[in-house]
Amino acid sequence: MPDLTLIGFDWPVIDGGGDGTVVTLAAEGITFRGFEVRGSGREPDRDHSGLTLTADNITVENNRLT
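Residues numbered from 1 in each chain as written. Predicted model: local features only at pLDDT ≥ 70, side-chain atom pairs only at ≥ 80, totals over all residues. Heavy atoms only, no water.

A few points about the pattern of salt bridges
Under the criterion given, the structure shown has three salt bridges. Close ionic contact of arginine 33 with glutamate 61 constitutes a salt bridge, the shortest N to O distance being 2.6 Å. One end of the pair, arginine 33, is in strand E4 (residues 30-33); the other, glutamate 61, is in strand E7 (residues 59-61), with 28 residues separating them in the sequence. On the basis of relative accessibility, which here comes to 27%, the residue arginine 33 falls in the partly exposed class. Judged by its relative accessible area of 34%, glutamate 61 falls in the partly exposed class. Here the residues in one salt-bridge network are Asp15, Glu36 and Arg38, joined through shared partners. (Salt bridge = Lys/Arg side-chain N within 4 Å of Asp/Glu carboxyl O. Helix = DSSP H or I, 4+ residues; strand = E, 2+ residues; numbered from the N terminus. Buried < 20%, exposed > 50% of the residue type's maximum accessible area, 1.4 Å probe, protein only.)

Let's talk about the sheet that holds strand E5 (residues 36-38)
Strands sit in the order E2-E5-E8 across an open sheet of three strands; the sheet is parallel. A single partner strand is all that each edge strand has here, and the edge strands are strand E2 (13-15) and strand E8 (64-65). Bridge count between E5 and E8: two bridges; the pairing is parallel. Residue pairing in the sheet places glutamate 36 in a bridge with arginine 64 of E8. (Pairing = 2+ DSSP bridges.)

Some remarks on unusual backbone geometry
Most of the time, phi is negative for any residue but glycine, and the peptide bond is trans. Unlike most non-glycine residues, tryptophan 11 shows phi in positive territory, near 55 degrees. With respect to the helices and strands, the residue tryptophan 11 is situated in the loop between strand E1 (4-7) and E2. Overall, tryptophan 11 belongs to the partly exposed group, its relative accessible area being 28%. Of note, the phi angle at asparagine 57 is positive, near 60 degrees, even though the residue is not glycine. Topologically, asparagine 57 is positioned in the loop between strand E6 (51-53) and E7. Residue classification places asparagine 57 among the exposed positions, given a relative accessible area of 56%.

Right under this line is the structure:
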């Protein structure tokens, strides 16, 4: 199966609007590069994040997390 590469040019924003996890990468072989990820949830009793990786062999590089 071929790999999937997601490349953001000029820092496109992925905004979760303050609710939950913003991006979940759940397949092997993904590369995720060049995005601004922001606005995850803030509930202290939950495990929110900007990025969650749930598979092996995922590359996350050169992103901005705010």
